[in-house]
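Each chain is listed here by its residues.
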Amino acid sequence: MSKADATTAGRVTADWTKVFGGFDTWRPLRLLRRVGPVVQGVTLDRSTSGDAYYPTTHIHALTRPFPVISLTLGQRLVSNSGMQEAIRFARHAEDHLDASRRLAEQARLSLDAPPSVGDIVKELHAFAVAQYELDNPPALNEVEDSVLISSASGDKLLAEQGIQLARELVGKWPKSRIPLNWTSEEEWITSLTEKAANPEGLCAIVESQITLHKLAKIRQS
């Protein structure tokens, strides 16, 4: 990234952080806040050409070792026609306030008051069910995340609901859509149940991920 590009990215990031005051700047074009064992983010995803960015909301569960902050439940800003909408860096000053307002309106999870862990789990469950109903690839990671973040948050009932959803969906998923490294339905459920039964271990993973991704200064809601 050139010095000029870095300056522009810094200005754009600062403007979006000012709009969404509950988030902190994590990296250029990346805003985050922590909600228990989850980070919620607003990412200003650069276009392929590099002259524009796609405002995108997402979450990332810290309950599994992972080398990057993922864009789970990723939602890009869309226009009235339903097309993904990019903001040109050259038009940022004129367009970002309206774009941020519409992104907040479209987001599954609140970008104003922090969502609860229960809100996040509800959206993960809804996404997993929708993936099945649309005949899309099984939402394995989203189902697992819903269980693990519930357990790490100390909500056993919510974790049990996630395991029940896993049992319901795994019996419906076509075998042809299951990943190649899949072993068996029961082994997956057993592994997920064992992980959920060890909240202390999950919390240790969360702390290690906070260190790995340098999240200690990101505020926690």
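Conventions adopted
Residues numbered from 1 in each chain as written. Predicted model: local features only at pLDDT ≥ 70, side-chain atom pairs only at ≥ 80, totals over all residues. Heavy atoms only, no water. Helix = DSSP H or I, 4+ residues; strand = E, 2+ residues; numbered from the N terminus. Expected span 1.5 Å × (residues − 1). Buried < 20%, exposed > 50% of the residue type's maximum accessible area, 1.4 Å probe, protein only. Contact = heavy atoms within 4.5 Å. Core = buried A, V, L, I, M, F, W, Y, C linked by side-chain atoms within 4.5 Å. Axes fitted to C-alpha atoms, helices over the stretch in contact; angles between N-to-C directions. Parallel < 35°, antiparallel > 145°, perpendicular 65-115°, else oblique. Nonpolar A, V, L, I, M, F, W, Y, C, P; charged D, E, K, R; others polar. Polar contact = N/O pair within 3.5 Å; in protein donor to acceptor, adjacent residues only side chain to side chain. Phe/Tyr/Trp six-rings, centres within 6.5 Å; stacked < 30°, edge-to-face > 60°. Lys NZ or Arg CZ within 6 Å of the ring centre and 35° of its normal.

Colleague: Quick question: what am I supposed to make of helix α3 (residues 117–133) here?
Modeller: Side chains that are three or four residues apart share a direction in an α-helix, a result of its 3.6 residues per turn. Taking 1.5 Å per residue, 17 residues should reach 24 Å; α3 reaches 24 Å between its end C-alpha atoms and fits that length. Along α3, the residues classified as buried are V117, I120, V121, E123, L124, H125, A128 and Q131. The inward-facing, buried residues of α3 contact β2 (30–35), β3 (38–46), β4 (52–61), β5 (72–76), α4 (140–152) and α5 (156–170).

Colleague: Even after reading the chapter, I still don't get α4, so can you show me in this structure?
Modeller: When the terminal C-alpha atoms of α4 are compared, their 18 Å separation across 13 residues agrees well with the 18 Å that a helix rising 1.5 Å per residue should span. With 12 of 13 residues buried, α4 lies mostly within the body of the structure. For α4, the full list of buried residues reads L140, E142, V143, E144, D145, S146, V147, L148, I149, S150, S151 and A152. Looking one or two residues past α4, G154 carries a phi angle of roughly 85°, positive in sign.

Colleague: How do you make sense of the nonpolar core when you look at a structure like this?
Modeller: What tends to happen in soluble globular proteins is that the nonpolar side chains get buried as a cluster. Counting 20 residues, the largest nonpolar core has V143, V147, A166, L169, W173, W188 and L192 as the members making the most contacts within it. Secondary-structure elements contributing two or more residues to this core are α4, α5 and α6 (185–196). Sort the elements by how many residues they give to this core and α5 lands first, with 6 residues. Leave out the neighbours within four places in its chain, and W188 touches L140, V143, E144, A166, V170, W173 and W182.

Colleague: What am I meant to see in the environment of R91 here?
Modeller: Of note, R91 is situated in the loop between β6 (87–88) and α2 (92–106). Classification of R91 by relative accessible area gives partly exposed; the value is 41%. C-alpha of R91 to C-alpha of A52: the two residues are 39 residues apart in sequence and 8.9 Å apart in space.

Colleague: It is not clear to me how the packing of α5 against α6 should be interpreted in this structure. Could you clarify?
Modeller: Two quantities define a packed helix pair, namely the angle between the helix axes and the distance between the axes. At a closest axis distance of 11 Å, the pairing of α5 and α6 adopts a crossing angle of 170°. If you check the angle between α5 and α6, you find them roughly antiparallel. Where α5 abuts α6, its residues I163, A166, R167 and V170 lie against E185, E186, W188, I189, L192, T193 and A196. The class makeup of the residues in the contact of α5 with α6 is 7 nonpolar, 1 polar and 3 charged.

Colleague: Mind showing me how you'd approach the side chain of S151 here?
Modeller: Positionally, S151 belongs in helix α4. Given the relative accessible area of 6%, S151 is considered buried. Only 2.6 Å separates the side chain of S151 from the backbone oxygen of A196, close enough to count as a polar contact. Excluding residues within four positions of it along the chain, S151 makes contact with A159, A196, P199 and L202.

Colleague: Help me out: how do you make sense of unusual backbone geometry in this one?
Modeller: Keep in mind that most residues, glycine aside, have a negative phi and that most peptide bonds are trans. Of note in this structure, L29 is not a glycine but carries a positive phi near 70°. Of note, L29 is situated in the loop between β1 (24–27) and β2. A positive phi angle, near 55°, is found at K214, a position not held by glycine. Structurally, K214 can be placed in the segment after α7 (199–212).

Colleague: Looking at this structure, how should I read the side chain of S146?
Modeller: Here S146 is to be found in helix α4. Accessibility expressed as a relative area gives 0% for S146, which makes it buried. Setting aside residues no more than four positions away along its own chain, S146 makes contact with V121, L124, H125 and G162.

Colleague: I'm lost on the packing of aromatic side chains in this one. Help?
Modeller: Two numbers describe a pair of aromatic rings. These are the distance of the centres and the angle of the planes. Evaluation of the coordinates by the stated rule reveals 5 aromatic pairs. For the pair W16 and F20, a centre-to-centre distance of 6.0 Å together with 35° between the ring planes defines the contact as tilted. Judged by relative accessible area, which is 0%, W16 ranks as buried. The exposure class assigned to F20 is buried, which follows from its relative accessible area of 6%. Residues F20 and F23 carry aromatic rings whose centres are separated by 6.3 Å and whose planes lie at 70° to one another, so their mutual orientation is edge-to-face. Of the two residues, F20 and F23, neither departs from the other in class, the shared state being buried. Chaining the aromatic ring pairs together yields one cluster made of W16, F20, F23, Y53 and F89. The lysine or arginine in question, R76, covers the ring of Y54, its NZ or CZ lying 4.0 Å from the ring centre.

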